[in-house]
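Residue-level listing of the chains:
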Amino acid sequence: MKILVIHGPNLNLLGKREPAIYGEMTLEQVNQILISEFPDVEFEFFQSNHEGEIIDKLNSIVEFDFDGVVINPGAFTHYSYAIRDAISALKIPVVEVHLSNIYAREDFRRHSVIAPVCRGHIAGFGYLSYILGVESIVKLKKGT
Ligand code: DQA
């Protein structure tokens with residue numbers, strides 16, 4: 001099983017960036033935890049601070065390349081119709097994840113323009129949100 005994990009803007013700063021909100025783990029540590037939690041999954045990790053690069057990555061997925069995508073779109077969550085359209089074009093399940101509970105934060109964070117075109121949305125569990133996101137794709141694929 002192959003899963004693409006996309007980390008959006010500023011997530012390269014994990015561990016240093018507002019640790020009280022986003023935790024103390026680095027992005028590399030989050031990726032490593034996924035690898036060790038899911039030894040049967042082949043991961044590709046992609047991080048970008050640029051909307052166009054994330055869109056290009058989503059557009060580059062050819063059918064059957066991946067079984068699913070886990071994406072944390074960072075602040076693009078709240079306004080990127082272009083990322084939303086790129087996700088809409090995909091036939092594989094896409095799960096939106098957030099480290100923080102975006103519904104318990106500032107008003108502008110309480111709305112996701114991405115969530116309606118995703119298979120599901122997980123927020124508020126820190127790095128566990130990524131584990132739950134991957135788990136959901138694995139279970140969907142297995143039909144369990
Ligand atoms: C975030 C929430 C977003 O509002 C914020 O802009 C981020 C991180 C999260 O994982 O909690 O960059 O996506």
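What this report covers is the structure whose coordinates are included nearby. (Residues numbered from 1 in each chain as written. Predicted model: local features only at pLDDT ≥ 70, side-chain atom pairs only at ≥ 80, totals over all residues. Heavy atoms only, no water.)

1. Regarding the pattern of salt bridges
Opposite charge on two side chains permits them to pair, given that their charged atoms come into close proximity. Heads up, the condition is: In what follows, salt bridge is the name for a side-chain nitrogen of Lys or Arg lying within 4 Å of a carboxyl oxygen of Asp or Glu. Helix and strand definitions follow DSSP, with helices as H or I runs of at least four residues and strands as E runs of at least two, each counted in order from the N terminus. Three labels apply to residues, based on accessible area from a 1.4 Å probe with only protein chains included: buried if under 20% of the type maximum, exposed if over 50%, partly exposed otherwise in between.
One pass over the structure, following the stated rule, counts 7 salt bridges. Notably, a salt bridge pairs Lys141 with Asp67, separated by 3.0 Å at the nearest N-O pair. Here the residue Lys141 occupies a position in helix α5 (residues 128-142), and Asp67 occupies one in the loop between α3 (51-59) and β3 (68-72), the gap between them amounting to 74 residues. Where Lys139 meets Glu135, a salt bridge forms, and the shortest distance between an N and an O atom there is 3.6 Å. In this pair, Lys139 and Glu135 are both assigned in helix α5, 4 residues apart and thus about one turn of the helix distant. The class for Lys139 is partly exposed, based on a relative accessible area of 38%. Residue Glu135 is classed as partly exposed on the basis of its relative accessible area, which comes to 29%.

2. Here's the deal with the packing of aromatic side chains
Formally: Each Phe, Tyr or Trp ring, with Trp reduced to its six-membered ring, pairs with another whose centre is within 6.5 Å; inter-plane angles below 30 degrees give stacked pairs, above 60 give edge-to-face pairs, and intermediate values give tilted ones. In this analysis the charged atom, NZ for Lys or CZ for Arg, is taken to sit over a ring once it is within 6 Å of the ring centre and within 35 degrees of the ring normal.
If you walk through the whole model with that rule in mind, you get 3 aromatic pairs. Both rings, one in Phe43 and one in Phe45, keep their centres 5.4 Å apart while their planes meet at 20°; by these two values the pair is stacked. Residue classification places Phe43 among the buried positions, given a relative accessible area of 17%. Owing to a relative accessible area of 26%, Phe45 belongs among the partly exposed residues under this scheme. Between Phe76 and Tyr79, the ring centres sit 5.9 Å apart and the planes meet at 70°, which makes this aromatic pair edge-to-face. By relative accessible area, which is 7% here, Phe76 ends up buried. Aromatic ring contacts, followed pair by pair, group Phe38, Phe43 and Phe45 into a single cluster. The side chain of Lys2 reaches across the aromatic face of Phe66, ending 5.0 Å from its centre.

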